[in-house]
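# Architecture at a glance
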Amino acid sequence: MRRATDTAELRRVLCAALGSTDPVCSPARLGLKDDALAGTDAMHRPTLVAGAAWYGPTSPAPTVAEIDALVRRARESAAEQILVPGVRRTDDTGALRAAGFVPVAAGSECVTRLGGDVDELLRGRLGAGRVDDLRRSSRAVSEELTWERIPLTGLDDTPWAPDVTPWAPDVTPWAPDDTPWAPDDTPWALDAASTGPDGGLLGPAALKALAQGPLAARAELLVRRRADAGVVQAGLLLGSHSGRGLYCLALAADRDDPAARHDLHAAFLHRLYTDARGAGLDWVHLGRGEPDALRALGADLFVPLDHWLRAPGLTAPRQPSPRVEPTRFAAPSVTTVAVPGPARFRHRPRFDLVDLSSNTNPFLGPGGRYPDLDTADLARTYLTTVGELPGQEGLASLTEDHLIFSSGAVDAVSLLLTALTSPGDRVCVTPPTFELYAHFARVLGLPVTEVPLGGEDFDRLDVDRILAADPRVTFLCDPNNPVGTRPRPEQVHELVTRSPGLVVIDEAYVEFGDRPSHAGLVAEHDNLVVLRTLSKAWGLAGARCGVALARPGIVEALRRVQVPFGFTDASQRAVRERLVDSHRVRDSVARILTERDRMAALLARNPAVERVFPSRANFLLLRLREPERTMERLRAAGILVADVGSLVPGTCRVSVGERSANEAFLDALSAPPPRHPSRR
């Protein structure tokens, strides 16, 4: 809908709803709510509504020339103020601010992106229980009410057309002493997701104007009504100019009807999604609203908006620069380049554009489109969901700007070293530890210093020795892989506090431990990076999703070296579905811990095992009495475990599997060694 011709037509429809030749009314009458304006004269002055569309779809921010034209129009129409509604924050709003416009609250643009079976799609976003509720509401409403689709061009042929029946609210022209028009004052009460004069679109004047204009061929009414009574629910839809989606411009329902005991809004949207997907559409635009409310109805794309108001005596508060500068730790070469290609515009949604920029094949289905780059909402979902787990409360202090998704946590290690080190910078590792930290450092030609962990359980850091090495980056694995223990938290905190370089803490197994995550320290320290993965506790190794948590400046540096489109749509869907279904993860982690402790007790009594190391992960490190013979015995039985004798002599690492797999391992470990044929 971000086309000038469509925006101009919707402004004409607004005029019809207002009963005026110019779109002039008060902000109060539009239903505009903003604490900074409440109780001021600005809420009641005649205001020119122009430069963008008031109704659902958003419009590009006006240019300098367009703003000059708005000022002239306001003068000619005797409007004291100018309101440019629904501008995306990701647009360039410099011209508006320079012309004296002030941003006021507008909510978010909310979109439900479709793909595949609707119920399966919603189950992945909302969980099975919520989808069952939606289906029940939809079925219950359908048993009481009919569902009709009426092209707007054929509205005059319907026997209950709104200009002859009282079902639709009307809107009176603005007057200096007007009473703000409120939907609840009419026989129709707008749904809470709608604001302002959206209901005016369902009024006779607006519908007539829309039906007589160029958008009529793309517009239709979706109506639920009783056979022996009037309309109970109606929505006004407009097809996108690209032919790929629908805009829900207005939605109203009679709250006094008996059917209102069901969730009419949810039932309407569930049926709308089903019909839209059946027609091969890719998305449904739900208009402006609050993300939390519409996320519960399936929306998965949320674009923050502002209305921009120019009013006498109104001044904009000073705004921090939206641009994030790379961290002081960024390599000099990284500070001189921008985020590559399309990733630079990841917050600019593309669902409503005709995209002829990507040189892909349009004839082989949705797989021909590049993955979505705007993962901000998925990041918020991750922080909210994981932050509710025991020991993860520190994530509540972080925002989506503190997070970047990578192709597994290992990819994040490579990104960090590429973005934050220069030739000659030293990297410190603490063996025994995950070998790929040193591997990627050496690939980049960086010198590696090893400062081994101390203590019988490898849980002591030699902080002074690490600092004496003066590393640019220090990698810690917490819980440790391959040991399973955690370094002492007071020593970790001391290292982060005292280190002039970066400290990277890999928490791939943190969900299996009983001590808090270090993620809460990220907001306090600009030299800390915490790595997470969804491959372990979350069971999504195939989705290749890692998470790096750090200050926004570090995240910005990582974006400048990350290859765009590495986080596929399929992986994003899998991650969202698993986060929504987090109770299954909790249950499975509890099962793993129970099985881990059972195995540890049995292995401690096994004659082939010299020691079972304590573990806060989903594996056990075993020191074997006869490592070579035991590993040969396991191989002969078809049992694969990790031989980590090069890291901790005489040991192997055993993952906690299903009970049958664990029993097979225990049986093989206790079996007599295989006999070798005699040599002749």
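Structure report, in brief. In this text the structure is predicted, and so the values were computed from the model without any measurement.

### Some remarks on the sheet that holds strand E20 (residues 619–624)
Taken together, 4 strands build an open sheet; the order of strands is E19-E20-E22-E21 and the sheet is antiparallel. The sheet is open, and its two edges are formed by strand E19 (609–612) and strand E21 (642–643), each paired on a single side. In the sheet, E20 pairs with strand E22 (residues 651–655) via 5 bridges, with the strands oriented antiparallel. Across the sheet, the residue bridging to Arg623 is Thr651, located in E22.

### What to know about the packing of aromatic side chains
If you walk through the whole model with that rule in mind, you get 9 aromatic pairs. Ring geometry for Phe405 and Phe567: centres 5.0 Å apart, planes at 40 degrees, overall tilted. With a gap of 162 residues between them, Phe405 in strand E12 (residues 403–406) and Phe567 in the loop between helix H15 (552–559) and helix H16 (569–580) connect regions that are remote in the sequence. Just as Phe405 is buried, Phe567 falls in that class too. Ring geometry for Tyr437 versus Phe475: centroids 4.8 Å apart, planes at 5 degrees, classification stacked. Residue Tyr437 is found in helix H12 (residues 436–443), and its partner Phe475 is found in strand E15 (residues 473–477); the two are separated by 38 residues along the sequence. Look at Tyr437 and you get buried, because its relative accessible area is 0%. Taking relative accessible area as the criterion, Phe475 reaches 1% and is therefore assigned buried.

### Some points on the pairing of E22
Remark: a regular strand shows side chains that alternate across the two faces of the sheet. Sheet topology places E21 next to E22; 2 bridges connect them, and they run antiparallel. Bridged to Ala642 within E22 is Arg653.

### Overview of the nonpolar core
One finds Tyr382, Leu403, Phe405, Leu534, Trp538, Leu549 and Val575 to be the most contacted residues of the largest nonpolar core, which totals 52 residues. In terms of residues, this core owes the most to one element, helix H10 (residues 376–386), which gives 5 residues. Formed by 45 residues, the second largest nonpolar core is a distinct cluster that contains Cys25, Leu37, Ala250 and Ala252.

Conventions used here
Residues numbered from 1 in each chain as written. Predicted model: local features only at pLDDT ≥ 70, side-chain atom pairs only at ≥ 80, totals over all residues. Heavy atoms only, no water. Pairing = 2+ DSSP bridges. Helix = DSSP H or I, 4+ residues; strand = E, 2+ residues; numbered from the N terminus. Phe/Tyr/Trp six-rings, centres within 6.5 Å; stacked < 30°, edge-to-face > 60°. Buried < 20%, exposed > 50% of the residue type's maximum accessible area, 1.4 Å probe, protein only. Core = buried A, V, L, I, M, F, W, Y, C linked by side-chain atoms within 4.5 Å.

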